[in-house]
Amino acid sequence: MVSLFTKKSNLLNDNIDDWFHVYKKFSDLEPCAVKVMDVNGVHIAMEHIDLSNCVNIIDYLTNYDTHVNKVTSEYFRLISNIFLFQDNYPFIYFDLHKENIMVNINTGHITLLDPDSFFFYNPSTFYAPGKDKDIDSMRYFEVRLKFQNFTAEIFNSYFTNSKNWSKHRNLVEERNIA
């Protein structure tokens, strides 16, 4: 039996039924995306994620030494799938930050939370710089900055964790001895 969590939607989209249809397609493609079971009016029913054994991705990469390569790989697959999905749907994640990507400390599995931060955009204006008052153009720059800054934070967390470096150093030393 699936345990559900219901939250009031913050959707930036006018048509929740279209959003639900496209989000389900994305979550079928991306295993890290929280599953949405139903939408009605202003509420989203999604699978319940037990966060008792989870920390945000930055804390995980900074403080844990198991599964770090898996976590980093899952993050980049997630980001890749968000962008690849746009080949078929003008739909993007708007709220990328550490509290929206949780890591299970036992398995290293990541979960993308806050599904209502995906929104539809107008492809003819979303990538058009210089349209100061156009909301899609402003969202594009905000989304781009969030993805750039957060990905830099992922790299910094991964590469500054001394536990990761000592593990890699030991592997290099073992190869040099053999």
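All values derive from a computational prediction rather than experimental measurement.

Rules of the game
Residues numbered from 1 in each chain as written. Predicted model: local features only at pLDDT ≥ 70, side-chain atom pairs only at ≥ 80, totals over all residues. Heavy atoms only, no water. Helix = DSSP H or I, 4+ residues; strand = E, 2+ residues; numbered from the N terminus. Expected span 1.5 Å × (residues − 1). Buried < 20%, exposed > 50% of the residue type's maximum accessible area, 1.4 Å probe, protein only. Pairing = 2+ DSSP bridges. Contact = heavy atoms within 4.5 Å.

*Asks:* Help me get a handle on helix α3 (residues 68-85), residues and values and all.
*Replies:* Taking 1.5 Å of rise per residue, the 18 residues of α3 would be expected to cover 26 Å, and the 26 Å separating its terminal C-alpha atoms lies within 8% of that figure. When we look at burial in α3, the residues that qualify are Val68, Val71, Thr72, Glu74, Tyr75, Leu78, Ile79, Asn81, Ile82 and Phe85.

*Asks:* Please provide a residue-by-residue account of the pairing of strand β6 (residues 101-104), values included.
*Replies:* Summarising the sheet, strand β4 (residues 54-56) and β6 pair through three bridges and their orientation is antiparallel. Opposite Cys54, over in β6, you have Asn104 as the bridge partner. Two strands pair when backbone bridges link them, and β6 and strand β7 (residues 110-112) are joined in this way by three bridges, in the antiparallel orientation. Across the sheet, Val103 pairs through a bridge with Ile110, a residue of β7. Connecting β6 to the next strand, β7, in antiparallel fashion are five residues, including Gly108 with a positive phi near 80 degrees.

*Asks:* Provide a residue-level description of the environment of Val34, including the pertinent values.
*Replies:* Structurally, the position occupied by Val34 is in the loop between α1 (16-29) and β2 (36-40). You can call Val34 buried: its relative accessible area is 1%. In this structure, the C-alpha to C-alpha distance between Val34 and Asp114, residues 80 residues apart in sequence, is 7.9 Å. Once residues within four sequence positions are removed from consideration, Val34 is found in contact with Tyr23, Ser27, Met46, Glu47, Ile49, Thr111, Leu112, Leu113 and Pro115.

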